[in-house]
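Here's the letter readout for the chains.
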2 protein chains.
Amino acid sequence: MTSAAGDNAFNVTLAVEHAGTLTAIEETVRAYSAPFGYDRFVLFSATAARDEVVERIYWVEGDWFDDGECVDADTYIRRCPMTHHILEAKEPFFWTKTQGKKGEQYRVVRAPRGDGIHGLQIPVFGPLGLEGAMSLGGERINASSTVRLALTLVATAAFCAARRLLEAPVAEMSSQLSNREKEVLAWIAAGRRQADIAATLGLSQRTVENHLRRIRQRLGATTTAQAIRIAVHRGDIER
Amino acid sequence: MTSAAGDNAFNVTLAVEHAGTLTAIEETVRAYSAPFGYDRFVLFSATAARDEVVERIYWVEGDWFDDGECVDADTYIRRCPMTHHILEAKEPFFWTKTQGKKGEQYRVVRAPRGDGIHGLQIPVFGPLGLEGAMSLGGERINASSTVRLALTLVATAAFCAARRLLEAPVAEMSSQLSNREKEVLAWIAAGRRQADIAATLGLSQRTVENHLRRIRQRLGATTTAQAIRIAVHRGDIER
DNA sequence: GTACGTATGAGGGTTATACCTCAATCCGCT
DNA sequence: AGCGGATTGAGGTATAACCCTCATACGTAC
């Protein structure tokens, strides 16, 4: 069984990568994970730059809240506290829902057991951190390390494939900063304000503003502060 | 002569460090540099965070513009373009003023020669970059490497001593960030806005704002962007 | 007990930055 | 010639950050 999970995972992952429709992705993942007890799925794009972690839900399926009903996207977002836990996660984690004195509680666990819903949450990271996640749930799930690794492979491929299919291709922009852009960003990192940089360089403040916008786009940063951290990391500006 | 410059420099530097008044600093520096042809002086605190480099002039003396008059502080600031060059300087540099077709021009040179005023500009750097500078000028100056090094020693000590004497002591605040402060700054560096961080941490936005102010004070930063660069450099947050 | 530092919160207000979108010029390359 | 990228600039507007100052509560050390 464990050997089958590992052997087959690569084929499944490749199949997902080459899937031509979201439906094909769903079917492939569903078929692969069903033998391990997973019959609930949610796949979404995410970002750490906003408090609402979930940007877009690509796929949600199954009775997630054990109330006999398949859940819709909005309900899932509002009710599942495990989603929020992704902000602190560095790797996939199992969670379990227990019925305690204070009502239902979700906990991160190593080995989910007992009645109720359990799940595996798999964050997908990219160059700028969190990009998305997949969550798989069930009542009697195989939570072995092999299955965890296999599902991580498959889920990551599913996320990337879904994103490829569903997100409009963004016109490629070079991520390489021009010399002028580096210069402007270095001044910002030195504590200068836009107006002062403009005066120093003999530009309009609007130009400095536009350079910074361009810089953020190139680096995929939400804020200029983030852009500085990224640029330092890449060696574009000095620490 | 060169050996005398080097041997005596340390004594002079120590004397400057222990000087009890700005007058004593001036007298010591003046006496030391006169044999090398320097008879014009300006000592000032500076910052790279503003386009007006000069923050405060501690000492200005001599006929800086060769018009037979000792210059006052405001005139020096307005007329000397070499001051601005400090923003790009990483080390002390000699400059010379030439009379060209377009009027008088200042140039950075390795060996000042010819008629007119020459000088040595010595930036003083600290943990956050440029903190001040001293400029020494004359018409026939000794621009040897030994004198340059010696004067750098003395001038740096002069700047620090003058600052100690003239700037009001600021109540010492620990520069060590608290855990909460590090946490808040890490979120900023990850691209989160203050309002979002507040929601994530369960605080008021005003509290986040206050943490950031505290962070900037501790790190001696003018802007939050600068604080991020400093914190990355110090290892307080991850790159 | 007192003093200090951290954490939290805010009144009242100003400044700076950022968003969306458009545009022109110059240069290098095909 | 056309095209793309870098550089520069902006209209109109909204959002976010920041400033100065004040305050309370809690924990720790002396």
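Please refer to the structure placed before this passage.
Caption draft 1: Summary view of the protein's contact with DNA strand D. If you check the shell around DNA strand D, you find 16 residues, and the closest are A:Ser178, A:Ser204, A:Arg206, A:Arg218 and B:Arg216. Counting only atoms of DNA strand D within 4 Å of the protein, the fraction found in sugar and phosphate groups is 54%. In the model, a base nitrogen of DNA strand D is placed 3.4 Å from a nitrogen or oxygen of the B:Arg206 side chain. Counting residues per element, the ones that place at least two in the surface near DNA strand D are helix H8 (205-219) of chain A together with helix H8 (205-219) of chain B. For the surface near DNA strand D, the element with the highest residue contribution is H8(A), accounting for 5 residues.

Caption draft 2: Focus on the relation of the copies chain A and chain B. Once chain A has been moved 0.0 Å along the axis and rotated by 180°, it coincides with chain B to within an RMSD of 0.3 Å. Expressed as an axis order, the relation between the two copies is that of a two-fold axis. Identified as the residue of chain A closest to the rotation axis by C-alpha distance is A:Ala225, at 2.5 Å. The overlap is high: 100% of the interface residues of chain A also sit at the interface in chain B, so the same surface is used on both sides.

Caption draft 3: Expanded view of the interface of chain A and chain B. The partner chain B presents 25 residues to the 25 residues of chain A that form the contact. Interface area, chain A with chain B, both sides summed: about 2,400 Å², of which 53% is carbon and sulfur. The interface formed by chain A and chain B contains 0 salt bridges. Across the chain A-chain B interface, the total number found is 4 residue pairs in polar contact (both at pLDDT 80 or more). Examining the composition of the side of chain A that touches chain B, we find that 6 residues originate from one element, helix H9 (residues 224-234) of chain A, more than from any other. Here the side of chain A that touches chain B is composed, by residue class, of 11 nonpolar, 6 polar and 8 charged.

Caption draft 4: Structural view of the protein's contact with DNA strand C. If you check the shell around DNA strand C, you find 18 residues, and the closest are A:Arg216, A:Thr224, B:Ser178, B:Ser204 and B:Arg206. Of what DNA strand C places within 4 Å of the protein, 56% of the atoms are sugar or phosphate. In this structure, A:Arg216 approaches DNA strand C through a side-chain N or O atom, which is 2.4 Å from a phosphate oxygen. A distance of 2.7 Å separates a phosphate oxygen of DNA strand C from a polar atom in the side chain of B:Ser204.

Caption draft 5: Local environment of the side chain of B:Ser45. All names here are of chain B. Looking at the secondary structure, you find Ser 45 in strand E1 (residues 40-46). On the basis of relative accessibility, which here comes to 3%, the residue Ser 45 falls in the buried class. Excluding its chain neighbours within four sequence positions, the residues that come into contact with Ser 45 are Val 53, Val 54, Glu 55, Arg 56, Tyr 58, Glu 131, Gly 132, Phe 159 and Glu 167.

Caption draft 6: Summary view of the side chain of A:Thr152. Residue and element names in this part refer to chain A. Looking at the element boundaries, Thr 152 is found in helix H5 (residues 145-166). From its side chain, Thr 152 meets the backbone oxygen of Arg 148 in a polar contact 2.7 Å long. Apart from the residues within four sequence positions on either side, Thr 152 is in contact with Pro 92 and Ile 122.

Caption draft 7: Molecular detail of the environment of B:Glu181. Residue and element names in this part refer to chain B. Residue placement: Glu 181 occurs in helix H6 (residues 179-189). Of the residues examined, Glu 181 reaches a relative accessible area of 4% and is grouped as buried. For the pair Glu 181 and Ile 215, spaced 34 residues apart in sequence, the C-alpha to C-alpha distance is 6.5 Å. With residues up to four places along the chain from it excluded, the contact list for Glu 181 reads Gln 176, His 211, Arg 214, Ile 215 and Arg 218.

Caption draft 8: Quick look at the packing of H6(B) against helix H9 (residues 224-234) of chain B. Residue and element names in this part refer to chain B. Direction vectors running N to C along H6 and H9 enclose 110°, while the axes themselves pass 10 Å from each other. Between H6 and H9, the angle falls in the class roughly perpendicular. Only Thr 224, Ala 227, Ile 228 and Ala 231 of H9 make contact with H6, whose side of the interface consists of Leu 185, Ile 188 and Ala 189. Taken together, the residues of the contact of H6 with H9 sort by class into 6 nonpolar, 1 polar and no charged.

Caption draft 9: Here's a closer look at the environment of B:Ala155. Residues and elements named next belong to chain B. Topologically, Ala 155 is positioned in helix H5 (residues 145-166). Note: C-alpha distance between Ala 155 and Leu 136 (19 residues apart in sequence) is 9.0 Å. If we ignore the near neighbours within four places in the chain, the residues touching Ala 155 are Leu 43, Ile 122 and Met 134.

Caption draft 10: Representation of the packing of H9(A) against H9(B) in the model. Running from N to C, H9(A) and H9(B) point in directions that differ by 30°, and their axes come no closer than 9 Å. Put simply, H9(A) runs roughly parallel to H9(B). Crossing geometry of H9(A) relative to H9(B) is assigned as right-handed. Taking contact as the criterion, the partners of A:Ala225, A:Ile228, A:Arg229 and A:Val232 in H9(A) are, on H9(B), B:Ala225, B:Ile228, B:Arg229 and B:Val232. Looking at the contact of H9(A) with H9(B) residue by residue, the class counts come to 6 nonpolar, no polar and 2 charged.

Caption draft 11: Looking closely at the packing of aromatic side chains. Residues and elements named next belong to chain A. Under the criterion given, the structure shown has 6 aromatic pairs over all chains. Aromatic side chains Tyr 32 and Phe 36 sit 5.5 Å apart centroid to centroid with 70° between the ring planes, which places their arrangement in the edge-to-face category. For the pair Tyr 32 and Phe 36, a shared accessibility class is recorded, and that class is buried. Note on Phe 41 and Trp 59: the rings are 4.9 Å apart at their centroids and 15° apart in plane angle, and the pair reads as stacked. Here Phe 41, found in strand E1 (residues 40-46), pairs with Trp 59, found in strand E2 (residues 54-61); they are 18 residues apart in sequence, far enough to count as distant.

Caption draft 12: Spotlight on the pairing of E1(A). All names here are of chain A. Burial within E1 is extensive, with 7 of its 7 residues counted as buried. Taking every second residue as pointing to the same face, both faces of E1 are buried, with Arg 40, Val 42, Phe 44 and Ala 46 on one and Phe 41, Leu 43 and Ser 45 on the other. Examined bridge by bridge, E1 and E2 share 6 bridges and lie antiparallel to one another. Among the inter-strand pairings, Phe 41 is bridged to a residue of E2, identified as Glu 61.

Reading the values: the criteria
- Residues numbered from 1 in each chain as written.
- Chains lettered and ligands numbered in written order.
- Predicted model: local features only at pLDDT ≥ 70, side-chain atom pairs only at ≥ 80, totals over all residues.
- Heavy atoms only, no water.
- Near = heavy atom within 4 Å.
- Polar contact = N/O pair within 3.5 Å; in protein donor to acceptor, adjacent residues only side chain to side chain.
- Helix = DSSP H or I, 4+ residues; strand = E, 2+ residues; numbered from the N terminus.
- Least-squares fit on C-alpha atoms with pLDDT ≥ 70 in both.
- Contact = heavy atoms within 4.5 Å.
- Buried area = accessible area lost by both parts, 1.4 Å probe.
- Salt bridge = Lys/Arg side-chain N within 4 Å of Asp/Glu carboxyl O.
- Nonpolar A, V, L, I, M, F, W, Y, C, P; charged D, E, K, R; others polar.
- Buried < 20%, exposed > 50% of the residue type's maximum accessible area, 1.4 Å probe, protein only.
- Axes fitted to C-alpha atoms, helices over the stretch in contact; angles between N-to-C directions.
- Parallel < 35°, antiparallel > 145°, perpendicular 65-115°, else oblique.
- Left-handed = near helix turned anticlockwise from the far one by under 90°.
- Phe/Tyr/Trp six-rings, centres within 6.5 Å; stacked < 30°, edge-to-face > 60°.
- Pairing = 2+ DSSP bridges.

Honestly, that's just the spatial picture; any functional story needs more than this.
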